[in-house]
Amino acid sequence: TECQSRLYTWRNPELRNFDNTGSAILLLFEVASMEMWPDIMFSVIDATPPGEPPEENYNPAASLYFICFLVLGSFLIVSMFVGAVVGVYEEETNRMMEGQEEEDEDLSDLRRLWLEVYKMMVEMKPQYVMMPPQAGWRKIFFIIVEHPYFEMFIMVVICINVLLMALVYTGASDEYLSSLEILNVLCSSIFILE
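These figures come from a predicted structure and were not determined experimentally.

A.B. asks: Is there a simple way to explain the packing of aromatic side chains in this structure?
C.D. replies: Aromatic ring pairs are reported here in terms of the distance separating the ring centres and the angle at which the planes meet. For the structure shown, the criterion picks out four aromatic pairs. For the pair W137 and F141, a centre-to-centre distance of 6.4 Å together with 80° between the ring planes defines the contact as edge-to-face. Here the residue W137 and the residue F141 both occupy positions in helix α6 (residues 136–146), the gap between them amounting to four residues, near one helical turn. Each member of the pair, W137 as well as F141, carries the same accessibility label: exposed.

Listed below in structure tokens is the structure:
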């Protein structure tokens, strides 16, 4: 009431708000650049309805928006970068395979040499064959590890282990937690044997 009697009002920061599209885009661009994004996130968490003062941790769910934005935005940027690199690589490889490297005057001699060496490597395709050990017990383990289903089995065990870790919750019974612990030890034993 003292603030109202002096005609003070609560206003959003000039550049850091979602009041209009332009300032929202600038704010999200700043967050995407990862410059001081936690400060922006905490100010949004403390934001209250119009005309009210900020309150600490008023809306903690807003943090999920920023974390999702950063994770998805990072994946998008990485995907675009990898896509551009792979696209240029495939284009150059296709041009080399079709014999168009002679038509391109811009290729340096070193680059042309690298493309020729790459073409030779692709055509030769050396195969790596791992020889099984001679000792009996090592040969058994070698056959198990080299089996096509072994890698899939390990991936399933990893997924089960992650699921077991996710199943822990506050207030769970002791029997439930001990059974999860036993299964976790089993998964850890499989990893150690691997």
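A.B. asks: How should I be thinking about unusual backbone geometry in this particular structure?
C.D. replies: The general pattern is negative phi for most residues beyond glycine and trans for most peptide bonds. In this model, M36 sits at a positive phi of 55°, which is unusual for a non-glycine residue. Secondary-structure assignment places M36 in the loop between α2 (21–32) and α3 (37–45). The phi dihedral of N57 falls on the positive side, at around 55°, and the residue is not glycine. Here N57 is to be found in the loop between α3 and α4 (62–97).

A.B. asks: I keep staring at α3 and nothing clicks. Help me out?
C.D. replies: Considered for burial, the residues of α3 that qualify are I40, M41 and I45. Viewed end-on, α3 has its buried residues packed into an arc of 140°, placing them on one side of the element.

A.B. asks: Could you clarify how one ought to interpret the nonpolar core in this entry?
C.D. replies: Note on soluble globular proteins: their nonpolar side chains tend to be buried together. Residues L27, V31, I40, M41, I45, A62, F66 and L70 constitute the largest nonpolar core, which totals eight residues. Among the elements of the structure, α2, α3 and α4 are those that each provide at least two residues to this core. Ignoring any residue separated from it by four or fewer positions in sequence, one finds F66 in contact with F18, V31, I40, M41 and V44.

A.B. asks: When you look at the environment of V31 in this model, what are you seeing that I'm missing?
C.D. replies: Looking at the secondary structure, you find V31 in helix α2. Residue V31 is classed as buried on the basis of its relative accessible area of 0%. Separated by 42 residues in the primary sequence, V31 and G73 have C-alpha atoms spaced 9.9 Å apart. Sequence-distant contacts of V31, that is, excluding residues within four places in its chain, are made with W37, I40, F66, F69 and L70.

A.B. asks: Is there a simple way to explain a nonpolar patch on the surface in this structure?
C.D. replies: A surface patch of nonpolar side chains, about 630 Å² in accessible area, is lined by M152, M155, V156, I158, I160, V162 and M165. Its location among the elements puts M155 in helix α7 (residues 148–166).

A.B. asks: Any chance you could explain the side chain of N161 here in plain terms?
C.D. replies: Within the secondary structure, N161 sits in helix α7. When its relative accessible area of 10% is taken as the criterion, N161 is described as buried.

A.B. asks: Is there a simple way to explain α7 in this structure?
C.D. replies: Since one α-helical turn is 3.6 residues long, residues separated by three or four positions face the same way. Compared with an ideal rise of 1.5 Å per residue, which puts 19 residues at 27 Å, α7 spans 29 Å between its outermost C-alpha atoms and is within 8% of the ideal. When α7 is considered as a whole, its buried residues turn out to be F150, I154, V157, N161 and L164. All buried residues of α7 lie within an arc of 80° about the axis, which places them on one face of the element. More than 90 degrees from the buried face of α7, the exposed residues found are P148, Y149, E151, M152, L163 and A166. Packed against the buried residues of α7 are α6 and α8 (174–193).

A.B. asks: Even after reading the chapter, I still don't get the packing of α7 against α8, so can you show me in this structure?
C.D. replies: Helix-helix packing is described using two parameters, namely the angle between the two axes and the distance between the axes. α8 packs onto α7 with a crossing angle of 150° between their chain directions and a minimal axis gap of 10 Å. By the angle class used here, α7 and α8 are roughly antiparallel. Our pair here, α7 against α8, has a crossing hand that is left-handed. In this structure, α7 uses F153, I154, V157, I158, I160, N161 and L164 to contact α8, whose residues at the interface are L180, L183, N184, C187, I190 and F191. Per-class residue counts for the contact of α7 with α8 are 11 nonpolar, two polar and no charged.

Conventions adopted
Residues numbered from 1 in each chain as written. Predicted model: local features only at pLDDT ≥ 70, side-chain atom pairs only at ≥ 80, totals over all residues. Heavy atoms only, no water. Phe/Tyr/Trp six-rings, centres within 6.5 Å; stacked < 30°, edge-to-face > 60°. Helix = DSSP H or I, 4+ residues; strand = E, 2+ residues; numbered from the N terminus. Buried < 20%, exposed > 50% of the residue type's maximum accessible area, 1.4 Å probe, protein only. Arc of directions from axis to C-beta. Core = buried A, V, L, I, M, F, W, Y, C linked by side-chain atoms within 4.5 Å. Contact = heavy atoms within 4.5 Å. Patch = residues over 30% accessible without salt bridge, like charges linked within 9 Å, V, L, I, M, F, W, Y side chains within 5 Å. Areas by Shrake-Rupley, 256 points an atom, 1.4 Å probe, with all protein chains shown as cover. Salt bridge = Lys/Arg side-chain N within 4 Å of Asp/Glu carboxyl O. Expected span 1.5 Å × (residues − 1). Axes fitted to C-alpha atoms, helices over the stretch in contact; angles between N-to-C directions. Parallel < 35°, antiparallel > 145°, perpendicular 65-115°, else oblique. Left-handed = near helix turned anticlockwise from the far one by under 90°. Nonpolar A, V, L, I, M, F, W, Y, C, P; charged D, E, K, R; others polar.

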